[in-house]
Amino acid sequence: MRVDADDFVVVSHEDAAPSPLESAPRYLSEIDDAIEHMSERLWTVNKKIHDNPELGYEEFIAHETLTTFMRSVDGWKVTPSAYGLKTAWVAVWDSGTKGPVVSFNCEMDALEEIGHACGHNLIATASVSGAIATAEIMKSNRLAGKVVLFGTPAEEGGGGKIKLLQAGAYKDHKVDLNLISHPGIKRNHALTRTSAYTAFRVEYFGREAHAAASPWLGINALDALVTAYNAISVLRQQTMPGDIIQGNISDGGSRPNIIHAYAAGNFVVRADTQARLDELVVKVRNCFEAGATATGAKLKITPSMAYADHVPNRPLGASYARYFNALSSSSPSQMIPADQDLDEMLGRSGASTDQGDVSYAMPSLSPGFAIVPGPQGNGPHSPDFTQASGTRDAFEKALRVGKALAGTAVDVLTVDGLLDQVKQAWKESTKKGSQAVA
Ligand SMILES: [Zn+2]
Ligand SMILES: [Zn+2]
């Protein structure tokens, strides 16, 4: 152990991670076998999704590929186009005996022009393999309970999981918790905290006038937006770490010799927690009001989308890390640290996801896993990552995640008192999130 100049205590992996042999969890080899057994069929599914990128709510090929695959697996009941969304789907495996209900989310959408640059094909692979392996273990060990796999459209700004939450999809199946994962290039971690975010369009309405002959007759909408933009730059001096405010100007007037009657832009505000975001948005709104007050232009704000922060769950993270590390034969730097404070620090991301909203509705685990980057070494949302997420190596890494997610689910079904601990931690952490900024 050493103490860094920044006062972070860095625990070396020799100290922190138990050796795989000592900690081999009970169902590890059975889960490993179940997933390896179907790996070639899963590779075909993974490749088909990766090579046919589709935008949010238009994941028709992915929907068809995944529902067809799930129908081919013994004992699963599949509902395509579920909850009024064409590309949402639900697959259920029921042991027939009442018990905990574990669920997985399966993402499918890609990004405009750059394809599967967020690696959602790998998320699908991990969740599908994890859900099926969980059901296999339940079958062979006669465990009570249910596995539900949700096909969740439009993560990239479309909020598909929020629509499913609102439609009661998780409540309908009496889901106790939800599992998912996300690829990146940095390192493996179990505990992920993403930013809460809200996106909105801002418009100012002024009045045209000749900019040289009679400017006093005009109301300058662009000046209103520029004033607001500058006020936001000033606000940034007083923001908290984790607060992020970004925007563009999409409409800045038509001609230089006309006072600009219309100006507009798109803005995104992020913060560590939903509660902090609510505070920050009030301050940002005041900046926009300032632009309107200074110029006399009329302000209109139209919200487009908002995601809550993802709240990590430590008991679920501990189970996942135990399985994940036991599956590793790679270098210690690829292991998840046993120190959960350090793990959570490594899993902090400025990005946002609709899994955050899921994490406020039920305990959620969304571990991050590192794949080998493309030639430019770029992370998600770059064409380089599109290439990286299509490789066989990345697929193998997603299978390892699927195995560890299944291990987590099986722990919840078999370890006495674990589900209660998971729920207790969830209650405390979702409460803590809202108190952190009080
Ligand atoms: Zn993304
Ligand atoms: Zn993503």
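These figures come from a predicted structure and were not determined experimentally. (Residues numbered from 1 in each chain as written. Chains lettered and ligands numbered in written order. Predicted model: local features only at pLDDT ≥ 70, side-chain atom pairs only at ≥ 80, totals over all residues.)

A. Representation of the overall build of the protein in the model. From N to C terminus, the protein includes 16 helices and 14 strands. Counting only C-alpha atoms, the protein reaches 85 × 50 × 45 Å along its principal axes. Counting every position in the protein, which comprises 438 residues, the buried fraction comes to 50%. (Helix = DSSP H or I, 4+ residues; strand = E, 2+ residues; numbered from the N terminus. Buried ≥ 20, exposed ≤ 12 C-beta atoms within 10 Å, placed from the backbone.)

B. Representation of the sheet that holds strand β5 (residues 101-107) within the structure. Read across the sheet, 6 strands follow the order β3-β4-β6-β5-β7-β13 without closing on themselves; strand pairing throughout is mixed. Unpaired on one side and paired on the other, β3 (77-79) and β13 (364-365) mark the two borders of the sheet. Judged from the 3 bridges that link them, β3 and strand β4 (residues 89-94) form a sheet pairing that is antiparallel. For V78, the partnering residue across the bridge sits in β4 and is A91. Against the sheet, helix α6 (residues 120-141) makes contact with β4, β5, β6 (146-152) and β7 (177-179), and its axis sits at roughly 155° relative to β5, the strand it touches most. (Pairing = 2+ DSSP bridges. Contact = placed C-beta atoms within 7 Å. Axes fitted to C-alpha atoms, helices over the stretch in contact; angles between N-to-C directions.)

C. View of the nonpolar core. The biggest cluster of nonpolar side chains holds 87 residues, and the ones touching the most others in it are L66, C106, L149, Y320 and L405. Sorting elements by how many residues they give to this core places helix α15 (residues 392-414) first, with 12 residues. Setting aside residues up to four positions removed in sequence, C106 forms contacts with L66, I123, A124, S127, V128, L149, F150, G151 and T152. Ranked by size, the runner-up nonpolar core spans 26 residues in total, among them A224, I232, V269 and C287. (Core = buried A, V, L, I, M, F, W, Y, C linked by C-beta atoms within 7 Å.)

D. Representation of the sheet that holds strand β10 (residues 244-252) within the structure. Strand order across the open sheet formed by 4 strands is β10-β11-β9-β12, with antiparallel pairing between neighbours. Either end of the sheet is taken by a strand with one partner, and the two such strands are β10 and β12 (298-307). Looking at each pair of strands side by side, their axes are set apart by 15° on average, direction ignored.

E. Structural detail: the environment of A326. Mapped onto the secondary structure, A326 falls in helix α11 (residues 314-326). It is 8.1 Å that separates the C-alpha atoms of A326 and L28, two residues lying 298 residues apart in sequence.

F. Representation of the confidence of the model for the protein within the structure. Model confidence for the protein is summarised by a mean pLDDT of 93, while 93% of its residues fall at 70 or above. pLDDT under 50 marks residues 1-22. Its contacts with residues more than four places away, or in other chains, come to 28 contacts. (pLDDT = per-residue confidence, 0-100.)

G. The arrangement of the environment of T353 in detail. Following the sequence through the fold, T353 ends up in the loop between α12 (340-346) and α13 (355-361). Residues T353 and S319, spaced 34 residues apart in sequence, show a C-alpha to C-alpha distance of 23 Å. Excluding residues that lie within four positions of it along the chain, T353 makes contacts with E155, T194, Y307 and H310.

H. Focus on the packing of helix α4 (residues 39-51) against helix α5 (residues 60-71). Put simply, α4 and α5 touch, their axes get as near as 9 Å, and they point 170° apart. As judged from the angle between their axes, α4 and α5 are roughly antiparallel. Contact with α4, carried on its side by V45, K48 and I49, involves I61, A62, T65, L66 and F69 of α5 and no other residues of that element. By residue class, the composition of the contact of α4 with α5 is 6 nonpolar, 1 polar and 1 charged. (Parallel < 35°, antiparallel > 145°, perpendicular 65-115°, else oblique. Nonpolar A, V, L, I, M, F, W, Y, C, P; charged D, E, K, R; others polar.)

I. Seen up close, α15. With 23 residues, α15 ought to run about 33 Å at 1.5 Å a step, and its terminal C-alpha atoms sit 33 Å apart, in line with that. Within α15, 19 of the 23 residues are buried, which leaves it mostly tucked inside the rest of the structure. (Expected span 1.5 Å × (residues − 1).)

J. Here's a closer look at the packing of helix α3 (residues 28-37) against α6. Running from amino to carboxyl end, α3 crosses α6 at an angle of 125°, the nearest separation of the two axes being 9 Å. The pairing of α3 with α6 is recorded here as oblique in orientation. Read as a crossing pair, α3 and α6 show a hand that is right-handed. Where α3 abuts α6, its residues E30, I31, A34 and I35 lie against S129, A133, E136, I137 and S140. (Left-handed = near helix turned anticlockwise from the far one by under 90°.)

K. Looking closely at the pairing of strand β11 (residues 262-271). Note that strand β9 (residues 196-205) and β11 share 10 bridges and pair antiparallel. From the neighbouring strand, T198 faces β11, where its bridge partner is V269. For β10 and β11, the ladder comprises 8 bridges, and the chain directions are antiparallel. Residue pairing in the sheet places D251 in a bridge with A264 of β11.

L. Here's a closer look at the pairing of β6. The buried fraction of β6 is high, at 7 of 7 residues. Side chains of β6 alternate between two faces, with K146, V148, F150 and T152 and V147, L149 and G151 buried alike. Pairing analysis gives 6 bridges linking β4 to β6, with the strands arranged antiparallel. Paired with V92 across the bridge in β6 is V148. Sheet topology note: the β5/β6 ladder contains 7 bridges and is parallel. Among the inter-strand pairings, S103 is bridged to a residue of β6, identified as V148.

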